[in-house]
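Listed below are the residues making up each chain.
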Amino acid sequence: MKILLLNPPRSPENNILRFAPENAKQFIHKKLIGPPLGLLTIAAAVKDFDVTLFDSKGEYDLEPATPPLDVLVLQLLERYNPDILGVTVITSEFDYALEIFRVAKQFNPLILTVAGGLHATLCTQDFAGTAADVVIPGQCPHIFRDVVIAKEKGVKLASVPGIYLNEKSGLNKTHGAARAWDAANADYLMPDRRHLDRWISTYKVGKSPFPSTYVFTSLGCPYKCTFCSIWTQFRGKYYQRTVESLITELKSIDEYPVVRFADANTVVDHDFMNLLFDRIVEERIQKTFVMDIRADIAARHPKIIEKLAKGGLKVVICGFESFRDEELSKYHKESPAFDNEEAIRVFERNDIMVRGNYVVPNDYGKEDFKALAEYADKNRVVYAGYTVLTPMPGTVFYQQVKEEITDHDYKKYNFFNSVMQTKLPHDQFHEEIGKLWLIKKGKDVI
Ligand code: B12
Ligand code: SF4
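The rules behind each value
- Residues numbered from 1 in each chain as written.
- Chains lettered and ligands numbered in written order.
- Predicted model: local features only at pLDDT ≥ 70, side-chain atom pairs only at ≥ 80, totals over all residues.
- Heavy atoms only, no water.
- Phe/Tyr/Trp six-rings, centres within 6.5 Å; stacked < 30°, edge-to-face > 60°.
- Helix = DSSP H or I, 4+ residues; strand = E, 2+ residues; numbered from the N terminus.
- Buried < 20%, exposed > 50% of the residue type's maximum accessible area, 1.4 Å probe, protein only.
- Pairing = 2+ DSSP bridges.
- Axes fitted to C-alpha atoms, helices over the stretch in contact; angles between N-to-C directions.
- Contact = heavy atoms within 4.5 Å.
- Near = heavy atom within 4 Å.
- Nonpolar A, V, L, I, M, F, W, Y, C, P; charged D, E, K, R; others polar.
- Parallel < 35°, antiparallel > 145°, perpendicular 65-115°, else oblique.
- Left-handed = near helix turned anticlockwise from the far one by under 90°.

Moving on, we come to the packing of aromatic side chains. Scanning the model with the defined rule gives 17 aromatic pairs in all. With a centroid separation of 5.1 Å and an interplanar angle of 75 degrees, the aromatic rings of Phe-94 and Phe-127 are classed as edge-to-face. One end of the pair, Phe-94, is in helix H6 (residues 94-107); the other, Phe-127, is in the loop between helix H7 (118-122) and strand S5 (134-136), and 33 residues separate them in sequence. The residues Phe-94 and Phe-127 share a single accessibility class, namely buried. Plain terms: the ring middles of Phe-261 and Phe-289 are 5.3 Å apart, the flat faces sit at 20 degrees to each other, and that makes the pair stacked. Taken together, the residues span a long stretch of sequence, with Phe-261 in strand S11 (residues 258-261) and Phe-289 in strand S12 (residues 288-292) at a distance of 28 residues. The same class applies to Phe-261 as to Phe-289, namely buried.

Next up on the list: the sheet that holds strand S6 (residues 164-167). Backbone-to-backbone hydrogen bonds join strands into a sheet, with any given pair of strands oriented parallel or antiparallel. Pairing is mixed across the open sheet formed by seven strands, whose spatial order is S2-S1-S3-S4-S5-S6-S7. In the strand order of this sheet, the two ends are held by strand S2 (50-55) and strand S7 (170-173), each with one partner. The sheet shows a mean angle of 25 degrees between the axes of neighbouring strands, direction not considered. Against the sheet, helix H3 (residues 37-45) makes contact with strand S1 (2-7), S2 and strand S3 (84-88), and its axis sits at roughly 170 degrees relative to S1, the strand it touches most. Contacting S1, S3 and strand S4 (112-116), H6 runs over the sheet at an angle of about 170 degrees to S3.

This paragraph deals with the site of ligand 2. Surrounding ligand 2, one finds Cys-221, Tyr-223, Cys-225, Phe-227, Cys-228, Trp-231, Ala-264, Asn-265, Arg-294 and Lys-333. Taken together, the residues of the shell around ligand 2 sort by class into seven nonpolar, one polar and two charged.

A separate point is the sheet that holds strand S15 (residues 383-388). The strand order across the open sheet formed by six strands is S8-S11-S12-S13-S14-S15, and the pairing between neighbours is parallel. The outermost strands of the open sheet, each flanked by one partner alone, are strand S8 (212-215) and S15. Along the sheet, successive strands turn relative to each other by an average axial angle of 20 degrees, direction set aside. As defined by bridge partners, S11 adjoins S12 across three bridges and the pair is classed as parallel. Bridging from a neighbouring strand, Val-258 pairs with Thr-288 of S12.

Another aspect to go through is the environment of Asp-146. Tracing the sequence through the fold places Asp-146 in helix H8 (residues 141-153). Sequence separation of Asp-146 and Phe-277 is 131 residues, and the distance between their C-alpha atoms is 37 Å. Once you skip the residues sitting within four places of it in the chain, Asp-146 turns out to touch Val-160 and Arg-179.

Two numbers describe how helix H11 (residues 270-282) lies on helix H13 (residues 302-310): the axes approach to 10 Å, and their chain directions differ by 25 degrees. Here H13 runs roughly parallel to H11, going by the angle between their axes. Between H11 and H13 lies a crossing whose hand is left-handed. Packed against H11, whose contacting residues are His-270, Met-273, Asn-274, Phe-277 and Asp-278, the element H13 presents Ile-304, Lys-307 and Leu-308 at the interface. Broken down by class, the residue content of the contact of H11 with H13 amounts to four nonpolar, two polar and two charged.

What follows is the structure, encoded as structure tokens:
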């Protein structure tokens, strides 16, 4: 049984970049770099089969002259001739996943096409009537394996519980509940990063000469911000890995001196983090760590930040979201704006570079942009990001504003495009956000 796992390309849609003033363009995010952890986990579940993983994001970075997606997919199908094709899907890459499946079905209708990942979990029915034969929501490496075995044995897929099948009558769920799977703990599967050898040189962030990889210490998030799809993906649950499984993984990735923890929030269980960093020091694991840490955690628990800094924490991504308490509480952030200010001080005291992110709602007018610019200027961080408050399908915010959404092109759902009516003219709204990217340490304020 030959399995091809494909990471779709990035969506190029970026109206912030498009309308930003020329001098801001260099600072605006064009792409996020990193390995497809979900697909690597799926690959690990079927490693006794003939598995090929192809990272098209890495490929387009490595070889910019790579042909367009349909041609690339055809070449891959000709080269590998898979029986099963699995694609990981987030919202902004949904259309590419469908294109991949379409090309595969045209090439050989017998290829079993399988969709998984965040969008398959939160918006399963979006796949109805598409060229995806099977959709598997949730953390499902074991179910994917069941599907592979069913296909190999020629058993009907309807016998695999917990999957969705595209049938004439619609996208139907098979009978029975999916088997439980403890993805972060007892059933944790170590991603087999050897699949990524071809693209390792592309996993470099900023000016770093070293490649970075993602490792998750937890899944889900205990908070419930309205605009966020991470906690809804995990139905509000939070799962922590064990310290020793992390130590084993960290010791096995010498080729990656930079490790970005892929958690929603890395510091939730303080005892766990204390123990993890004791063990990292004890084992002499020397890496540059990048983490997502909430502002309130840093502001109220500076001791733990100090300890993490001593263990190698160098970069923190911190969701500031807003400078107004009323907006923060509307988003259910559970952290007032002064936490952002205090967090910046704590991080700076510990020589940690802060990447602070603000989200801009569609109803911002000139005065709001001016007020945000003043606040961001007063509270500068080394690198700040300013994106659009986006109603990602499957979030509370989406439910709140779905009638107001004017643009349903999923390729634009990557935080860089407004998909709702804006108070300022559309182009000017994005231009204003673009200008904000100039506000960072060492650069003039707009
Ligand atoms: C790692 C990561 C990335 C990596 C790798 C993603 C990739 N496929 O290439 C990189 C850095 C490339 C990336 C990029 C982006 N990302 Co990202 N990313 C993450 C992150 C931090 C962790 C995801 C993860 O690895 N989880 C752990 C793994 C094990 O879980 P998993 O992915 O869910 O996979 C499991 C299941 O879903 C399932 N599964 C997954 N794939 C498949 C496939 C098949 C066939 C099957 C059967 C099952 C299956 O099985 C897996 C194992 O159990 C999440 C945030 C978070 N903490 O969750 C954001 C997140 C997924 N990213 C997000 C976004 C928006 C982006 C960007 C669009 C950001 C941007 N503005 O540019 C870009 C897209 C590309 C670009 N423009 O550069 C959003 C998605 C929101 C949404 N509703 O779509 C998230 C949730 C962050 C957020 N703040 O909201 N990202
Ligand atoms: S924005 Fe951050 S803190 Fe809020 S729910 Fe999402 S991951 Fe959790």
